[in-house]
Amino acid sequence: MARDIAKTLSFAVLHFGVGFGVTYALTGSVLIATGVALIEPAVNTVVFFFHERFWQRFDWLASASRPVSLPQGGHLAG
């Protein structure tokens, strides 16, 4: 659990840095770059939530990832 939190925080810092760097490179404005770097991850988090909800509706994906059961004897006939 502690590793997950540390990994999440390190990704958040990385995400902020990339957002800031790209926006600053495009605009030359520290104010705009800071705003984008703070707002974009928040919006992206909300979008990701709905993205996950959308994908949960596809039961066929879950069933496709289940292991195939082999017949008794452990091998396929053929």
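Computed from a prediction, not measured in an experiment: that's the story for all the values here.

Conventions and cut-offs
Residues numbered from 1 in each chain as written. Predicted model: local features only at pLDDT ≥ 70, side-chain atom pairs only at ≥ 80, totals over all residues. Heavy atoms only, no water. Helix = DSSP H or I, 4+ residues; strand = E, 2+ residues; numbered from the N terminus. Buried < 20%, exposed > 50% of the residue type's maximum accessible area, 1.4 Å probe, protein only. Areas by Shrake-Rupley, 256 points an atom, 1.4 Å probe, with all protein chains shown as cover. Expected span 1.5 Å × (residues − 1). Contact = heavy atoms within 4.5 Å. Patch = residues over 30% accessible without salt bridge, like charges linked within 9 Å, V, L, I, M, F, W, Y side chains within 5 Å. Salt bridge = Lys/Arg side-chain N within 4 Å of Asp/Glu carboxyl O. Axes fitted to C-alpha atoms, helices over the stretch in contact; angles between N-to-C directions. Parallel < 35°, antiparallel > 145°, perpendicular 65-115°, else oblique. Left-handed = near helix turned anticlockwise from the far one by under 90°. Phe/Tyr/Trp six-rings, centres within 6.5 Å; stacked < 30°, edge-to-face > 60°.

Explain the overall build of the protein chain to me, using residue names and the numbers behind them.
Summing up its helical and strand segments, the protein chain has 3 helices and 0 strands in all. Listing each helix as α and each strand as β along the protein chain from the N terminus yields α-α-α. Put simply, the protein chain has 78 residues, and 9% of those count as buried. Here the protein chain displays about 6,900 Å² of accessible surface, and carbon together with sulfur accounts for 70% of that area.

Any details on helix H2 (residues 30-56)? Residues and values, ideally.
The terminal C-alpha atoms of H2, which comprises 27 residues, lie 39 Å apart, in line with the 39 Å expected from a rise of 1.5 Å per residue. Listing the buried residues of H2 in full gives Ala33, Ala37 and Pro41. Looking at the packing, one finds that the buried side of H2 touches helix H1 (2-27).

Quick one: what's the story with a nonpolar patch on the surface, residue by residue and with numbers?
A surface patch of nonpolar side chains, amounting to about 530 Å² of accessible area, comprises Phe11, Leu14, Val18, Val22 and Leu26. Mapped onto the elements, Leu26 comes out in helix H1.

With reference to specific residues and values, describe H1.
Taking 1.5 Å of rise per residue, 26 residues should cover 38 Å, and H1 covers 37 Å from first to last C-alpha, within 8% of that figure. Tucked inside the fold, the buried residues of H1 contact H2. Taken from the residues just after H1, Gly28 is the one with a positive phi, measuring 75°.

Give me the lowdown on the packing of H1 against H2, citing residues and values where you can.
For the pair H1 and H2, the least separation of the axes is 8 Å and the interaxial angle reads 135°. Taken together, the axis directions place H1 and H2 in an arrangement best described as oblique. In this structure, the crossing between H1 and H2 has a hand that is right-handed. Contact residues: His15, Phe16, Gly19, Phe20, Thr23, Tyr24 and Thr27 in H1; Val30, Ile32, Ala33, Thr34, Val36, Ala37, Leu38, Glu40, Pro41 and Asn44 in H2.

An account of the side chain of Thr23 is requested, with residue identities and associated values reported.
Positionally, Thr23 belongs in helix H1. The buried category is assigned to Thr23, whose relative accessible area is 11%. Not counting residues within four places of it along the chain, the set of residues in contact with Thr23 comprises Gly28, Ile32, Ala33 and Val36.

Before we move on, can you summarise the packing of aromatic side chains with the specific residues and values?
This structure, assessed with the given rule, holds 4 aromatic pairs. Judged by centre distance (6.3 Å) and plane angle (20°), the rings of Phe16 and Phe20 are stacked. In this pair, Phe16 and Phe20 are both assigned in helix H1, 4 residues apart and thus about one turn of the helix distant. On the basis of relative accessible area, Phe20 is assigned to the partly exposed category, the value being 24%. Both rings, one in Phe54 and one in Trp55, keep their centres 6.1 Å apart while their planes meet at 90°; by these two values the pair is edge-to-face. Overall, the relative accessible area of 45% leaves Phe54 in the partly exposed class. Judged by relative accessible area, which is 39%, Trp55 ranks as partly exposed.

Note that every value here comes from positions in space, so none of it alone points to a role or purpose.
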